[in-house]
Amino acid sequence: NKYSNYRSMSGLTGAQAAERILRSQGITDVQIRHIRGNLTDNYNPANKVLSLSDATYASDSVAAVGVAAHECGHAIQDKMKYTPMRIRSTLVPFVNICTRIGYLAIVIGIIFSYTLIEVGIVLLLSMLVFQLITLPVEFNASHRAIKELERLNLIDEEEKSSAKNMLIAAAFTYVASVLSTLLEIL
């Protein structure tokens, strides 16, 4: 929120910054689109769509440009066949099923059998593994974002510090998620 109130010196919106970053990397097969909501920004490697939320797509704030660059970092990872991202993408369907079955097994286990609770916990560990694999993917995307913003002169020195702070804080939400899942399993 703090950096969404600071206008970027480039004057580019998140969508325009994303377009520049992708084109500079020779990435022409990724579609940039607007998606409703807040904090819904994402890159989908399956369909090559970079979705930017209400707060990012048309905003020219430092936060919008930073978030757009971060999502471009994922598109760059995809182009470079970044191994942790490929592993994470492969695991998504498996983890979704394990998580659903895991919670169900725990609930049924509470009623009928302690063994099912243990099975549920083991299944929920897949979510923890997935989140651990996500950490390097997110930190790397933020690192790539800062490099691209600097390389293309889309931010100045003062904005670089702000963008770094924002992206580091965003990446640490994934660390918090890992800790939360670990505590939930325990």
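Just so it is clear, the structure is predicted and the values come from calculations on it, not from any experiment. (Residues numbered from 1 in each chain as written. Predicted model: local features only at pLDDT ≥ 70, side-chain atom pairs only at ≥ 80, totals over all residues. Heavy atoms only, no water.)

Draft legend 1. Quick peek at the packing of helix H5 (residues 114–151) against helix H6 (residues 157–185). Interaxial distance between H5 and H6 falls to 9 Å at its minimum, and their mutual angle equals 175°. Taken together, the axis directions place H5 and H6 in an arrangement best described as roughly antiparallel. A per-class count over the contact of H5 with H6 returns 19 nonpolar, five polar and five charged. (Axes fitted to C-alpha atoms, helices over the stretch in contact; angles between N-to-C directions. Helix = DSSP H or I, 4+ residues; strand = E, 2+ residues; numbered from the N terminus. Parallel < 35°, antiparallel > 145°, perpendicular 65-115°, else oblique. Nonpolar A, V, L, I, M, F, W, Y, C, P; charged D, E, K, R; others polar.)

Draft legend 2. Quick peek at H5. An ideal rise of 1.5 Å per residue puts 56 Å on 38 residues; H5 measures up with 57 Å between its terminal C-alpha atoms. Just beyond H5, the residue with positive phi is Asn 153, at close to 55°. (Expected span 1.5 Å × (residues − 1).)

Draft legend 3. Quick look at the layout of surface pockets. Taken as a whole, the largest pocket encloses approximately 860 Å³ of empty space. Leu 39, Asp 41, Val 67, Glu 71 and Ala 170 are, among the 32 residues lining the largest pocket, the residues nearest its centre. Contributions of two or more residues to the lining of the largest pocket are made by strand E2 (42–44), helix H2 (54–57), helix H3 (62–79), helix H4 (83–111), H5 and H6. Ranked by the residues each element gives to the lining of the largest pocket, the list is headed by H6, at seven residues. By volume, the second largest pocket amounts to about 230 Å³. Looking at the second largest pocket, the residues that line it are Arg 88, Val 92, Phe 130, Gln 131, Thr 134, Tyr 174 and Ser 177. (1 Å grid on protein atoms, 1.4 Å probe; cavity = no way out; pocket = protein on both sides within 12 Å on 5 of 7 lines; lining within 4 Å. Points joined across faces, edges and corners; volume = space filled by probe spheres on them.)

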